[in-house]
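Analysis of the macromolecular model
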Amino acid sequence: MFSSFGTSFKTKNWLNWDGCGLFCAGITWFLHIWAAWVVITKLLDPWMGPGAVTTMKLKKGEKLEDLGDPALLPNNKNMVLFTFHCVAFLTIAGLALIGHGKAMMTNPGAVPELAAPVGTVFGNEDEDDTKETDVLLEEKGKSDANGGVERRTGNGGANSDGQNGDAEAGNKSKPKKVPHRTCRRCGPKSFKPPRAHHCSICNRCVVKMDHHCPWVNNCVGIGNHKFFILFISYTFLSCFYSLSLVMYRFFTCLNVMRGAPCMHKPTDTLPMILLVIEGILFGLFTSCMMLDQYTVVTTNVTQIDRLKGGDESAPYHEVNETFGGDKGVEMDWFLPTMVVFPASIRDDIFGYSVPAGDDETKFARMVTLV
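Residues numbered from 1 in each chain as written. Predicted model: local features only at pLDDT ≥ 70, side-chain atom pairs only at ≥ 80, totals over all residues. Heavy atoms only, no water.

**Observations regarding empty space enclosed by the protein**
- For the structure on display, the rule yields 1 cavity of 30 Å³ or more.
- Taken as a whole, the largest cavity spans an internal volume of roughly 40 Å³.
- Residue lining of the largest cavity: Phe9, Val111, Pro112, Glu113, Cys186, Ser190, Phe191 and Cys205, and that is the complete set.
- Partitioning the lining of the largest cavity into residue classes produces 6 nonpolar, 1 polar and 1 charged. (1 Å grid on protein atoms, 1.4 Å probe; cavity = no way out; pocket = protein on both sides within 12 Å on 5 of 7 lines; lining within 4 Å. Points joined across faces, edges and corners; volume = space filled by probe spheres on them. Nonpolar A, V, L, I, M, F, W, Y, C, P; charged D, E, K, R; others polar.)

What follows is the structure, given as structure tokens:
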């Protein structure tokens, strides 16, 4: 199991084994599930659900209608409201957790081991016993005057492969090196695309890396940025929703002396107070994160690039790199579905090319289908 999950070049499933990150991710799931439990069992059920009837304390000769506003007492209308609020809150909390899970276990855009500069066409094994031979399209016509091209072998060298002229004459000039940026921490031969940054926790270069978030135990990059945005957005909605219900119940209690809306068990007071504290703290935190991410989403420029003075946006300005597509806001923007880019521009957005048969490039191929 442990060998199948990780962040290295060879693992099949993405998961960061950082202890602090796993602890924060566990706390996140616990807080969401605990909040849902408090809202349903401690707030909604004693207020308008089946548990409201059991909280009534009738004196001799009293009826339920005598205890307060009939609209707030147990009836069919309130049961519908109880069902609606339960389904709505659980849906929002569920979408937040799904977004969190996908943000944590989705490849954030790590550069594959065999990545090469855009314009590279990968070939098969040739007569020179090189395992990987590829031709840089942008080098065509530069090697000789007779239409030769530069061929780059797996060790980064290049030799003349013209169809006539110097090649036929057995020219053995010194190979030229193909210029490209590499990451010394990923490996001396690891290509580093222009918009990629190395994460010391994931130990990989990530394309369009925004930051490493301990709460999702993962980098936030081009591959999972959408899931991160959905996670913080639905978390904010769940905080706002729960606080609104608590405030509404509190103000209704000011208008009645006793009855279902105001019947509290002493043991329910502490969970309600903690729910309010959690809603305020994480509501403020996620709202600040949403405002902070607004510029990143609209400009396609990450926080790291902005701090380093970079002002370049996506190669294609009309494509939203966080949610995908070029038609504006669509329904799938609000659902935790995989971001899809047109195949014709995928290489330009990611900044690298990959061989077609390599397992480590599964993520890269997955986002090209459109």
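After presenting the structure, the write-up continues.
**Topic: the pattern of salt bridges**
- Tallied over the entire structure, the rule returns 5 salt bridges.
- We note a salt bridge from Lys42 to Asp268, for which the minimum N-O separation is 3.1 Å. In this pair, Lys42 sits in helix H1 (residues 19–48) while Asp268 sits in helix H5 (residues 266–299), placing the two residues 226 residues apart along the sequence.
- Residue class for Lys42 comes out buried when judged on its relative accessible area of 19%.
- With relative accessibility at 7%, the residue Asp268 sits in the buried group.
- Across the pair Asp347 and Arg346 runs a salt bridge whose closest N-O atoms are separated by 2.6 Å.
- Accessibility expressed as a relative area gives 3% for Arg346, which makes it buried.
- Put simply, Arg195, Lys208 and Glu321 are held in one network by salt bridges that share partners. (Salt bridge = Lys/Arg side-chain N within 4 Å of Asp/Glu carboxyl O. Helix = DSSP H or I, 4+ residues; strand = E, 2+ residues; numbered from the N terminus. Buried < 20%, exposed > 50% of the residue type's maximum accessible area, 1.4 Å probe, protein only.)

**Considering a positive patch on the surface**
- A surface patch of positive charge is lined by Arg181, Arg184, Arg185 and Lys308.
- Looking at the secondary structure, you find Arg181 in the loop between strand S6 (158–160) and strand S7 (196–199). (Patch = residues over 30% accessible without salt bridge, like charges linked within 9 Å, V, L, I, M, F, W, Y side chains within 5 Å. Areas by Shrake-Rupley, 256 points an atom, 1.4 Å probe, with all protein chains shown as cover. Lys, Arg positive; Asp, Glu negative; His and termini not counted. Charge placed at Lys NZ, Arg CZ, Asp CG, Glu CD.)

**Thoughts on the pairing of strand S8 (residues 204–207)**
- Because side chains alternate across S8, one face comprises the buried residues Arg204 and Val206, and the other comprises Cys205 and Val207, equally buried.
- Relative to S8, S7 runs antiparallel, the two sharing 4 bridges. Its bridge partner being in S8, Cys199 is matched across the sheet by Arg204.
- Linking two consecutive strands that pair antiparallel, namely S7 and S8, is a turn of 4 residues; a positive phi of about 60° is found at Asn203 within it. (Pairing = 2+ DSSP bridges.)

**Points about unusual backbone geometry**
- With a phi close to 55°, Lys208 is a non-glycine residue in the positive phi region.
- Examined against the element boundaries, Lys208 turns out to sit in the loop between S8 and strand S9 (211–213).
- The residue Asn217 is not glycine, and still its phi comes out positive at about 55°.
- Inspection of the secondary structure puts Asn217 in the loop between S9 and strand S10 (218–220).

**Section: the nonpolar core**
- Counting residues in each nonpolar core, the largest one holds 24 residues, and the members touching the most others are Val39, Leu43, Leu44, Leu245 and Leu275.
- Put simply, the parts of the chain that give this core at least two residues each are H1, helix H3 (76–105), helix H4 (225–253) and H5.
- Here this core gets 10 residues from one element, more than from any other, and that element is H1.
- When residues no more than four places from it in sequence are discounted, the contact partners of Leu44 are Val39, Gly49, Phe82, His85, Cys86 and Leu245.
- Ranked by size, the runner-up nonpolar core spans 18 residues in total, among them Ala196, Val207, Val339 and Phe350. (Core = buried A, V, L, I, M, F, W, Y, C linked by side-chain atoms within 4.5 Å. Contact = heavy atoms within 4.5 Å.)

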